[in-house]
Amino acid sequence: MTARPADAKTRPAEEKVRPAGAKSRPQVRAVRLGPRSLAALALVSAVGVAAFGWPFLAPPASQLGAHAQDAPWLFAGLLVLLVAVVTATISESGLGPKAVAMLGVLAATGAALRPIGAGTAGIEPMFFLMVLSGRVLGPGFGFVLGSVTMFASALLTGGVGPWMPFQMLAMGWFTMGAGLLPGPDRLRGRAELLLLALYGFLAAFAYGTVMNLAGWPFMGTLASSIAFDPHADIAANLARFVAYCLATSLGWDLGRAAVTVVLTLVLGHAVLRALRRATRRAAFEAPVTFDAPSP
């Protein structure tokens with residue numbers, strides 16, 4: 001029998017030293033994006049980019065600014081596409097009951113964390129959970145989790161409105177991006193936490209900026225000198241939008257980013273270890289086999 005080091009029993013599984021040349025354990029994917037899912041995701045992302053960025057894509061002579069009242073129809077169509085993405089992802093990946101259960105638990109936890117800040121200074125703890133979950137469970141599960149969590153949160157807080165599809169899409173992108181970060185199989189420890197904290201900081205600002213785009217074009221030219229002007233050129237509207245973000249949401253986005261960084265650095269190691277242990281025990285990608293009945 002080979003003797004083990006004295007502290008081998010107490011060392012966490014993630015921190016055990018691998019033999020030289022040993023391969024790292026591949027990351028488990030609860031949801032893998034197949035061809036249909038990727039096509040649906042690309043479609044809804046393209047529509048989302050157009051829906052968010054049309055003030056900078058439309059020329060000054062365009063009549064799009066005169067159709068701001070038609071926006072709810074665009075939101076409704078975007079929501080239908082989001083539902084199609086989630087449905088295609090779940091149906092194609094063969095999402096099993098264990099993955100559905102984990103999706104439900106994480107979505108419910110995220111939806112419950114969001115109201116904790118009560119809308120104060122951007123204190124939204126759910127963002128750090130989305131980053132860590134996307135990191136462990138991959139981009140496919142991350143997009144589904146982000147969209148479903150925001151939908152559940154809207155129902156919980158009564159925040160259902162034409163902005164909800166945009167929130168679902170932005171949170172899906174936010175969580176999916178964490179699953180696309182480099183080194184999912186090898187990067188561990190403090191380096192991984194710093195990477196996730198940096199991503200959470202930048203993505204929190206990106207989320208706030210994207211959501212500003214959802215409402216900025218509809219505040220009316222006469223309401224403020226920083227409102228969208230359909231007759232101005234792209235450079236002028238870009239300057240107006242930057243001023244709008246600085247005046248209305250900079251403090252909120254900074255609070256969201258700071259909370260995400262602090263929670264990631266303080267609780268990240270424990271949460272990542274719990275999520276990875278749960279995914280290993282769930283064995284999402286293990287093939288289902290049936291034993292022959294004994295004679």
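The shown structure was predicted, so the numbers you read here are calculated from the model rather than taken from an experiment.

> Explanation requested: the packing of helix α4 (residues 126-157) against helix α6 (residues 190-215) in the structure shown.
Helix-helix packing is characterised by the crossing angle of the two axes and by the distance between the axes. α6 packs onto α4 with a crossing angle of 30 degrees between their chain directions and a minimal axis gap of 14 Å. Regarding the angle of α4 to α6, the classification is roughly parallel. Contacts between α4 and α6 involve Phe127, Val131, Leu132, Arg135 and Met150 on the former and, on the latter, Glu192, Leu195, Leu196, Tyr199, Gly200 and Tyr207. For the contact of α4 with α6, the per-class residue count stands at eight nonpolar, one polar and two charged.

> When you look at the confidence of the model for the protein in this model, what are you seeing that I'm missing?
Detail in the predicted coordinates should be disregarded across regions flagged by low pLDDT. For the protein, mean pLDDT is 76; residues scoring 70 or higher make up 71% of the total. Averaged over each element, pLDDT in the protein is lowest for helix α2 (residues 71-93) (67) and highest for α6 (91). Counting interchain partners and residues more than four positions distant, the pLDDT-below-50 stretch residues 1-23 has twelve contacts.

> Looking at this model, I keep getting lost on the side chain of threonine 260. Mind explaining?
Its location among the elements puts threonine 260 in helix α8 (residues 250-282). In contact with threonine 260, other than residues within four places in its own chain, are Phe127, Phe128 and Gly200.

> Even after reading the chapter, I still don't get the packing of aromatic side chains, so can you show me in this structure?
What describes a pair of aromatic rings is the distance from one ring centre to the other and the angle between the planes of the rings. One pass over the structure, following the stated rule, counts six aromatic pairs. Measuring from ring centre to ring centre gives 5.2 Å for phenylalanine 127 and tyrosine 207, while their planes differ by 75 degrees; the resulting arrangement is edge-to-face. Of the two residues, phenylalanine 127 is situated in helix α4 and tyrosine 207 in helix α6; the sequence distance between them amounts to 80 residues.

> I'm lost on the pattern of salt bridges in this one. Help?
Opposite charge on two side chains makes pairing possible when the charged atoms of those side chains draw close. In the structure shown here, the tally under the stated rule is five salt bridges. Glutamate 192 is the salt-bridge partner of arginine 135, the closest N and O atoms lying 2.8 Å from each other. Here glutamate 192 lies in helix α6 and arginine 135 lies in helix α4, a separation of 57 residues in the sequence. Overall, the relative accessible area of 2% leaves glutamate 192 in the buried class.

Cut-off values and rules
Residue positions are given per chain, counting from 1 as you read along its sequence in written order. Reporting in this predicted model follows two pLDDT cut-offs: at least 70 for local features of residues, and 80 or more for side-chain atom pairs to be given and counted; totals over whole chains, interfaces and linings ignore these cut-offs and use all residues. Note that water and hydrogens are dropped before the side-chain values are worked out from all heavy atoms of the structure. Angles run from 0 to 180 degrees between N-to-C directions of axes, and those axes are lines fitted to C-alpha atoms, restricted for helices to the stretch in contact. Secondary structure elements follow DSSP: runs of H or I no shorter than four residues count as helices, runs of E no shorter than two count as strands, and numbering proceeds from the N terminus. The cut-offs work like this: below 35 degrees is roughly parallel, past 145 is roughly antiparallel, 65 to 115 is roughly perpendicular, and the gaps in between are oblique. Should any heavy atoms of two residues lie within 4.5 Å, those residues are counted as being in contact. All residues other than Ala, Val, Leu, Ile, Met, Phe, Trp, Tyr, Cys, Pro, Asp, Glu, Lys and Arg, Gly among them, are scored as polar; the first ten of these are nonpolar and the last four charged. Per-residue confidence from the predictor is reported as pLDDT, which spans 0 to 100. Each Phe, Tyr or Trp ring, with Trp reduced to its six-membered ring, pairs with another whose centre is within 6.5 Å; inter-plane angles below 30 degrees give stacked pairs, above 60 give edge-to-face pairs, and intermediate values give tilted ones. Any carboxyl oxygen of Asp or Glu within 4 Å of a side-chain nitrogen of Lys or Arg constitutes a salt bridge here. The buried label applies to any residue whose accessible area, calculated with a 1.4 Å probe on protein chains only, is under 20% of its type's maximum; exposed applies above 50%, and partly exposed to all values in between.

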